[in-house]
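Now for the letters of each chain:
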Amino acid sequence: MSHIEVDSVQKHFDERSILTDIYLQWRTGEVIGLLGRNGSGKSTLMQIIFGTLDAQKFIRIDGKVYETPYKTKDLIAYLPQHDFVPKHLSVKQAARLYLGKTKAERFLDDVILKPLSGNKTGALSGGEVRYLEIKLLLNTPSKFILLDEPFSGVSPVMVEEIQKLILEKSPEKGILLSDHDYRNVLKITNRCFLIYQGSMKQISGKADLVRWGYILGG
Amino acid sequence: MIRLLFTFYRSTLSLNWGFSLACAILVFVQFPKVLPISLMTAGSLLSFYYKNLSRKGDYFFYYNRGISKTQLFFFTILMNGLVGAMLYRLLNHVAY
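Residues numbered from 1 in each chain as written. Chains lettered and ligands numbered in written order. Predicted model: local features only at pLDDT ≥ 70, side-chain atom pairs only at ≥ 80, totals over all residues. Heavy atoms only, no water.

### Brief notes about helix H5 (residues 156-169) of chain A
Since the α-helix advances by 3.6 residues per turn, residues separated by three or four positions end up pointing in the same direction.
All names here are of chain A.
At step 1: Taking 1.5 Å of rise per residue, 14 residues should cover 20 Å, and H5 covers 20 Å from first to last C-alpha, within 8% of that figure.
At step 2: What H5 keeps buried is the set Met 158, Val 159, Ile 162, Gln 163, Leu 165, Ile 166 and Lys 169. One face of H5 carries all of its buried residues, which in axial projection span an arc of 160 degrees. Across from the buried face of H5, at angles greater than 90 degrees, the exposed residues are Pro 156, Val 157 and Glu 168.
At step 3: The elements touched by buried residues of H5 are strand E3 (31-35), helix H4 (126-139), strand E7 (144-148), strand E8 (174-178) and helix H6 (182-188). (Helix = DSSP H or I, 4+ residues; strand = E, 2+ residues; numbered from the N terminus. Expected span 1.5 Å × (residues − 1). Buried < 20%, exposed > 50% of the residue type's maximum accessible area, 1.4 Å probe, protein only. Arc of directions from axis to C-beta. Contact = heavy atoms within 4.5 Å.)

### Section: the pattern of salt bridges
Residues and elements named next belong to chain A.
At step 1: Following the criterion strictly, the structure yields 13 salt bridges over all chains and no others.
At step 2: The shortest N-O distance in the salt bridge between Arg 96 and Glu 105 comes to 3.3 Å.
At step 3: Given a relative accessible area of 25%, Arg 96 falls into the partly exposed group.
At step 4: Assessed through its relative accessible area of 41%, Glu 105 is described here as partly exposed.
At step 5: Residues Lys 164 and Glu 161 are paired through a salt bridge, measuring 3.5 Å at the closest nitrogen-oxygen approach. (Salt bridge = Lys/Arg side-chain N within 4 Å of Asp/Glu carboxyl O.)

### Quick notes on the pairing of strand E4 (residues 56-61) of chain A
All names here are of chain A.
At step 1: Going residue by residue along E4, you find Lys 57, Ile 59 and Ile 61 tucked away on one face and Gln 56, Phe 58 and Arg 60 left uncovered on the opposite face.
At step 2: With five bridges connecting them, strand E1 (residues 3-13) and E4 associate as antiparallel partners. Note that in E4 the partner of Val 6 across the bridge is Ile 59.
At step 3: Two strands pair when backbone bridges link them, and E4 and strand E5 (residues 64-66) are joined in this way by three bridges, in the antiparallel orientation. The residue of E5 that forms the bridge with Ile 61 is Lys 64.
At step 4: Linkage of E4 to E5, two consecutive antiparallel strands, is achieved through a turn of two residues, within which Asp 62 is found at a positive phi near 50 degrees. (Pairing = 2+ DSSP bridges.)

What follows is the structure in structure tokens.
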């Protein structure tokens, strides 16, 4: 079992404090939810953990401190809000590059991906690309996966498929996911946090979200 | 890893070759010299700059497999250097 600890994260843009002294830790086998209003710092925090955004921080994975975790292969993967698979690659090419030929065959033996395997990713719908990217990341050997808005712009049927993927892989991965669709986040996470005025608030249910003004009561 | 580096390198080629060919055609007399030199220098940098500007999101494809932007940059420069140097010798051997 692997363990990640994110401590003393502080980030300021000009004069504005986005994150102030954030602490978060989770293990493989856990799915952690991250909620927050637009501009609250969810994506910023994920990029800081991944290592592509500079900030004051302390990240320790299995007892070892990392400045830029993403530069260590098979440690951490990040799904950004935008598409990241180059549009000129076909689904099959992307799978082979990430997983190798043998594993890619099994990866593509999937109701959604099989008919699309020869298509360029630039020709897929938003939901199909999201599904492909999430499945790719979950099938890499990376122990920790950061998913930034995995349900954004995705149809309800596809959201269910993505949730299935996440839950299927969750025993071997430590997953941190953020999304505005709080119901779907609460449905699949073991623990959930809200970023409120730069700090983390643990959420145990809908009542806490009302309390912190994330949703309206009633 | 090497296959991913080549994938990135290939994605920079169309702009690099397009720009370098255009430069070489403009100074037609020096074509055998200008084409490979541009491939190794200005075309190479321009294609990388264009990637940073318009296809920034694609970098996460490589980051997620542990490859940094610096590694992609130096691999691209190295490959363009090798291809440019071979082309320089070939074209100048044929032309002069």
